[in-house]
Amino acid sequence: MIRVQREDFDYGKEVAALSDGNTGVGGVCAFSGLVREMAAGSEIKSMTLEHYPGMTEKALAEIEAEALRRWPLEKTLIIHRYGRLEPGDQIVLVAASSAHRDAAFDACRFLIDWLKTKAPFWKLEESDQGGQWVDAKDSDNTAHDRWLEKKD
Amino acid sequence: MIRVQREDFDYGKEVAALSDGNTGVGGVCAFSGLVREMAAGSEIKSMTLEHYPGMTEKALAEIEAEALRRWPLEKTLIIHRYGRLEPGDQIVLVAASSAHRDAAFDACRFLIDWLKTKAPFWKLEESDQGGQWVDAKDSDNTAHDRWLEKKD
Amino acid sequence: MKILYFSWVRDRIGVGSEELNPPESVTNVEGLVDWLKARGEGYQKAFDDVTIIRAAVNQEHVKFNHIVGQNDEIAFFPPVTGG
Amino acid sequence: MKILYFSWVRDRIGVGSEELNPPESVTNVEGLVDWLKARGEGYQKAFDDVTIIRAAVNQEHVKFNHIVGQNDEIAFFPPVTGG
């Protein structure tokens, strides 16, 4: 399931839904991203997430479909927030449930790695020094590339 | 934190505690293991987890300490239940919070991988065919070994 | 042609989206960027370094040689940073 | 010497723990296993295939050549399967 929303989410309830009533689930892996107070040495007052409505949903749905194609999963979940957030606020939740723990772990990491380089979000951090758009990280591209399938 | 207990646990509340009030946390990775209904082709009525009181706590504390030594983490958590469980019940929860997502993911997976081969638990599955002790899996040893540090 | 701008690309151009009718000589993303840069200083600043500009056509990531037509929705933005 | 048995090792021996005083010739885990096997059929069945028996001395995993003494707590069990 994919959700793009301004509102906060209930982490425990959302993750529980990945196994509830499904006794074929042996493991659930979840990752949540939060707004940090310090970034590049300065104290962040807020982080505003901008996104591209329509394309975001499309990109997340494609990433989810790819995870379901690659691993034997029961359920997957991506929730991504947009709008103005403060330090400590939840930004994103990705999760995967499976009969097997390796599949749950790999799929969960894949979801967040690809989301970071494919979903159209941009972050504006506000500190005492004013607003600053966050640059994409090279390490995110490296993380993305580790899931590229080798071509024959 | 380490907990070995008969009682169930509140997944959402436990994982929230890994970031609550700590705005240095950028990501939390959590893995929960549940009792599956089918195992080796037969339907499981219950799974009874036996453990070695004293040694279990010691083993889990050592694994947690090793994770904290290897990765820059904010907090870690291992909760492991024992006693009689039914399909769908939660068995174990491991989680790690960090400024960085790679550290959170790696530490979380390390915790569950080493727990499986080092913590003294044994599982008795009950089906229509009676009780059956679950054999350790070779794949668990492989998962354990991927975290061995290379010696010079 | 609907054109969208996000993040600092929008900040520099000053609008989030606009309807434009580039000439027929504009056939791909690269040509569209060149045509936009001629429209004013904001566009010039936004597209000054195209190595840090990404494009989407009809909500799919594309390369700059991707063909564009009158009915397409085209977006320009810096590398994405979700999660 | 306190000796503990878990899982099917306990099932076969019939008790979960016992206090025993092996002779001084028993100096390590391997020697203790040999001495236990002579105590009866349950022990013999439990330790029939030592490749699938693991041991802990004072709550630490050890190999079979690990030294044991009168004041040690020794446990025998199949490979663990937590998680």
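A quick note: this is a predicted structure, and the numbers were derived from the prediction, not measured. (Residues numbered from 1 in each chain as written. Chains lettered and ligands numbered in written order. Predicted model: local features only at pLDDT ≥ 70, side-chain atom pairs only at ≥ 80, totals over all residues. Heavy atoms only, no water.)

### Observations regarding the overall build of chain A
Within chain A, the regular secondary structure consists of four helices and 10 strands. Tracing chain A from N to C terminus, the helices and strands come up as β-α-β-β-β-β-α-β-β-β-α-β-β-α. A globule of 152 residues ought to have a C-alpha radius of gyration of about 15 Å, and chain A, at 16 Å, matches this closely. With 152 residues in all, chain A has 55% of them scored as buried. Of all intrachain contacts in chain A linking residues separated by at least 6 positions in sequence, the fraction that spans at least 24 positions is 76%. About 6,700 Å² of surface is accessible on chain A, with carbon and sulfur atoms providing 46% of the total. (Helix = DSSP H or I, 4+ residues; strand = E, 2+ residues; numbered from the N terminus. Rg over C-alpha atoms; globule rule 2.2 N^0.38 Å. Buried < 20%, exposed > 50% of the residue type's maximum accessible area, 1.4 Å probe, protein only. Contact = heavy atoms within 4.5 Å. Areas by Shrake-Rupley, 256 points an atom, 1.4 Å probe, with all protein chains shown as cover.)

### Description of the overall build of chain C
Within chain C, the regular secondary structure consists of three helices and five strands. Going residue by residue from the N terminus, the α and β elements of chain C occur as β-α-β-α-α-β-β-β. Over its C-alpha atoms chain C spans a radius of gyration of 12 Å, differing by no more than 12% from the 12 Å that the globule rule assigns to 83 residues. The proportion of buried residues among the 83 residues of chain C is 47%. Measuring between centres, the 8 positive side-chain charges of chain C sit 6 Å from its 12 negative side-chain charges. (Lys, Arg positive; Asp, Glu negative; His and termini not counted. Charge placed at Lys NZ, Arg CZ, Asp CG, Glu CD.)

### Some details on the pattern of salt bridges
A full pass over the atoms with the stated rule returns 34 salt bridges over all chains. Glu-50 of chain A serves as the salt-bridge partner of Arg-10 of chain C, at 2.2 Å between the closest nitrogen and oxygen. Taken together, the positions of Arg-10 of chain C in helix H1 (residues 7–13) and Glu-50 of chain A in strand S5 (residues 46–51) put the pair across two chains. The network of salt bridges with shared partners includes Arg-101, Asp-102 and Asp-106 of chain A together with Arg-109, Asp-113, Asp-140 and Arg-146 of chain B. (Salt bridge = Lys/Arg side-chain N within 4 Å of Asp/Glu carboxyl O.)

### Some words on the sheet that holds strand S1 (residues 2–5) of chain C
Pairing is mixed across the open sheet formed by five strands, whose spatial order is S2-S1-S5-S3-S4 (chain C). With partners counted over all chains shown, the strands left at the sheet margins are strand S2 (17–19) and strand S4 (60–62) of chain C, one partner each. When the angles between neighbouring strand axes are averaged without regard to direction, this sheet yields 25 degrees. Two elements, S1 of chain C and S2 of chain C, share three bridges in a ladder whose sense is antiparallel. Within S2 of chain C, the position partnered with Leu-4 of chain C by the bridge is Ser-17 of chain C. Running at roughly 85 degrees to S4 of chain C, helix H2 (residues 55–70) of chain A makes contact with strand S3 (54–57), S4 and strand S5 (73–77) of chain C of the sheet. (Pairing = 2+ DSSP bridges. Axes fitted to C-alpha atoms, helices over the stretch in contact; angles between N-to-C directions.)

### A few points about the relation of the copies chain A and chain B
At an RMSD of 0.0 Å, chain A and chain B line up after a rotation of 180 degrees and a shift of 0.0 Å along the axis. Such values leave the two copies arranged in the relation of a two-fold axis. Closest approach to the rotation axis within chain A is made by the C-alpha atom of Gly-12 of chain A, at a distance of 1.7 Å. Comparing interface residues between copies, 100% of those in chain A also sit at the interface in chain B, which points to an isologous, same-surface contact. (Least-squares fit on C-alpha atoms with pLDDT ≥ 70 in both.)

### Looking at the confidence of the model for chain C
Atom-level detail of predicted coordinates should not be read off regions where pLDDT is low. For chain C, per-residue confidence averages 97 on the pLDDT scale, and residues scoring 70 or more make up 100% of the total. Interface predicted TM-score (ipTM) for the complex: 0.94; the corresponding pTM is 0.94. (pLDDT = per-residue confidence, 0-100.)

### With respect to the interface of chain A and chain C
With 25 residues of chain A at the interface, the matching set in chain C holds 21 residues. Taking both sides of the interface into account, the surface hidden between chain A and chain C amounts to around 1,800 Å²; carbon and sulfur atoms contribute 55%. Interface area lost by chain A to chain C is led by Tyr-52, Trp-122 and Trp-133 of chain A, which between them contribute 36%. Joining chain A to chain C, the criterion identifies one salt bridge. At the surface where chain A touches chain C, the tally comes to 12 residue pairs in polar contact (both at pLDDT 80 or more). Residue contributions to the side of chain A that touches chain C peak at five residues, all from helix H3 (residues 101–118) of chain A. In the side of chain A that touches chain C, the residues fall into 14 nonpolar, four polar and seven charged. (Buried area = accessible area lost by both parts, 1.4 Å probe. Polar contact = N/O pair within 3.5 Å; in protein donor to acceptor, adjacent residues only side chain to side chain. Nonpolar A, V, L, I, M, F, W, Y, C, P; charged D, E, K, R; others polar.)

### Let's talk about the sheet that holds strand S10 (residues 130–133) of chain A
Residue and element names in this part refer to chain A. Ordered by their spatial adjacency, four strands build an open sheet running S7-S5-S9-S10, and the pairing between neighbours is antiparallel. The open sheet terminates on both sides in strands that have one partner only, identified here as strand S7 (83–85) and S10. Put simply, the sheet's adjacent strands are angled 25 degrees from each other on average, direction ignored. One ladder, built from three bridges, connects S5 with S7; its direction is antiparallel. Pairing of Thr-48 across the sheet is with Arg-84, part of S7.

### Overview of the interface of chain A and chain B
By a widespread convention, an interface's size corresponds to the accessible area lost as its parts come together. In this assembly, 36 residues from chain A lie in contact with 36 residues from chain B. Interface area for chain A against chain B, summed over the two sides, is near 2,800 Å², with a carbon-plus-sulfur share of 52%. Here chain A and chain B share 10 salt bridges between them. Across the pair Asp-102 of chain A and Arg-109 of chain B runs a salt bridge whose closest N-O atoms are separated by 3.0 Å. Mapped by element, the contributors of at least two residues to the side of chain A that touches chain B are helix H1 (11–16), strand S2 (27–34), H3 and helix H4 (138–145) of chain A. Here the side of chain A that touches chain B gets 10 residues from one element, more than from any other, and that element is H3 of chain A. Residues that form the side of chain A that touches chain B fall into these classes: 16 nonpolar, 10 polar and 10 charged.

### Some thoughts on the packing of helix H3 (residues 101–118) of chain B against helix H4 (residues 138–145) of chain B
Residues and elements named next belong to chain B. At a minimum axis distance of 8 Å, the contact between H3 and H4 shows a crossing angle of 130 degrees. Taken together, the axis directions place H3 and H4 in an arrangement best described as oblique. H3 and H4 meet at a crossing whose hand is left-handed. Of the residues in H4, those touching H3 at Asp-113, Trp-114, Lys-116, Thr-117 and Lys-118 are Asp-140, Asn-141, Ala-143 and His-144. (Parallel < 35°, antiparallel > 145°, perpendicular 65-115°, else oblique. Left-handed = near helix turned anticlockwise from the far one by under 90°.)

### Concerning helix H2 (residues 55–70) of chain B
Spanning 16 residues, H2 of chain B covers 23 Å between terminal C-alpha atoms, matching the ideal 22 Å at 1.5 Å per step. Considered for burial, the residues of H2 of chain B that qualify are Met-55, Thr-56, Ala-59, Leu-60, Ile-63, Glu-64, Glu-66 and Ala-67 of chain B. (Expected span 1.5 Å × (residues − 1).)

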